[in-house]
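Residue-level structure breakdown
Here are the chains, one letter per residue:
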Amino acid sequence: MSKIKIFPDPIIDYDFENVYRPADDTYLIIDYFKVHIDSDFFDGIPLETIRNILDMGTGTGYIALSLQIMKAKIPKFNPNIYASDILEEAIHLSKHNEKLNNFEREITFINSDLFNSFPITLKHSFDVIVFNPPYLPSFNMMQKDGNKKNIDYSWNGGELGFETFLRFLSEARSYLNFNSNSRIYYVCSSRINLNLLNDLISQKGYERTYLNKIHVFLEDIYLYRLELKCN
Ligand SMILES: C[S@@+](CC[C@H](N)C(=O)[O-])C[C@H]1O[C@@H](n2cnc3c(N)ncnc32)[C@H](O)[C@@H]1O
């Protein structure tokens, strides 16, 4: 096993009003991958066993593109990379960013509300799913007219802050590979009821591993890995 010395960051155009700009939560995920992906293993899993990776809620495409760059640098790392978002603008922008990084048509983009528009052929196909979800509660920032604007999809996770994420977890079960190594990486904030979220995650049959955290202004942002519990 040898460490890869440099994974360059993708070049990102993010000047789109409604698309989330890569931020501390995005970098928390990628910085973890930079340390835990080497010439043989993806965070402990042999690289050859990872065939499909999904960046759910891709925004500018930053996470998918970072993984694509790692793929280009590591001979044994050869997964198909997928990126999806509920916003058409995000898909448009991430395709543009893919070109900026000279990866034309390498990533498969899907415009979808979570897994709703995914082809059935992708069921039980993903070894790794990464989701930097909208994770803040909507109650104190609701639009006065009650309508959700496009940029709200970046942060508004529902009344408690994690309804979108819980819906994702229910649907993700049938898109994760049956392979016992398949996993989900996600971030969440100290501004929600983490005890309740953790109980609900466990009730949904996932086992959680804490990976890292950062402190940003008034909140801590946590990075976790989930695996399906063995029955
Ligand atoms: C916090 S942003 C993260 C963007 C990007 N992955 C990053 O880390 O910079 C959350 C992303 O999830 C997308 N999103 C929100 N709800 C979604 C849903 N129901 N289905 C798919 N994507 C969704 C948003 O449009 C947004 O791009």
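Here the structure is a predicted model, which means the values were calculated and not measured. (Residues numbered from 1 in each chain as written. Predicted model: local features only at pLDDT ≥ 70, side-chain atom pairs only at ≥ 80, totals over all residues.)

1. Examining the site of the ligand
Near the ligand you find 21 residues, and of these Thr26, Gly57, Gly59, Ile86 and Asn132 are the closest. Residues belonging to the shell around the ligand are distributed by class as follows: eleven nonpolar, eight polar and two charged. (Near = placed C-beta within 6 Å. Nonpolar A, V, L, I, M, F, W, Y, C, P; charged D, E, K, R; others polar.)

2. Examining the environment of Ser112
If you trace the backbone, Ser112 turns up in the loop between strand 5 (108-111) and strand 6 (128-131). Using a count of 14 C-beta atoms within 10 Å as the deciding quantity, one classes Ser112 as partly exposed. Through-space distance from the C-alpha of Ser112 to that of Leu87 is 7.7 Å; in sequence the pair is 25 residues apart. Among all residues touching Ser112, those that are not within four sequence positions of it are Ser84, Ile86, Ser117 and Phe118. (Helix = DSSP H or I, 4+ residues; strand = E, 2+ residues; numbered from the N terminus. Buried ≥ 20, exposed ≤ 12 C-beta atoms within 10 Å, placed from the backbone. Contact = placed C-beta atoms within 7 Å.)

3. Comments concerning helix 1 (residues 24-36)
Under the 1.5 Å per step criterion, the end-to-end length of helix 1 is 18 Å for 13 residues, consistent within 8% with the ideal 18 Å. Asp25, Leu28, Ile29 and Ile30 are the residues of helix 1 that are buried. Turning to helix 1, the residues buried within the fold contact helix 2 (62-73), strand 6, strand 7 (183-189), strand 8 (206-216) and strand 9 (219-228). (Expected span 1.5 Å × (residues − 1).)

4. Considering the sheet that holds strand 6
Read across the open sheet, the seven strands follow the order 5-4-3-6-7-9-8; overall the sheet is mixed. At either margin of the open sheet sits one strand with a lone partner, and together these are strand 5 and strand 8. Strand-to-strand twist in this sheet, taken as the mean axis angle between neighbours without regard to direction, amounts to 20 degrees. The pairing of strand 8 with strand 9 spans ten bridges and is antiparallel. Within the sheet, the bridge partner assigned to Lys213 lies in strand 9 and is Tyr222. Contacting strand 3 (52-56), strand 4 (80-85) and strand 6, helix 2 crosses the sheet at an angle of about 170 degrees to strand 4. Across the sheet, helix 3 (residues 88-100) touches strand 4 and strand 5, and the angle it forms with strand 5 is around 165 degrees. (Pairing = 2+ DSSP bridges. Axes fitted to C-alpha atoms, helices over the stretch in contact; angles between N-to-C directions.)

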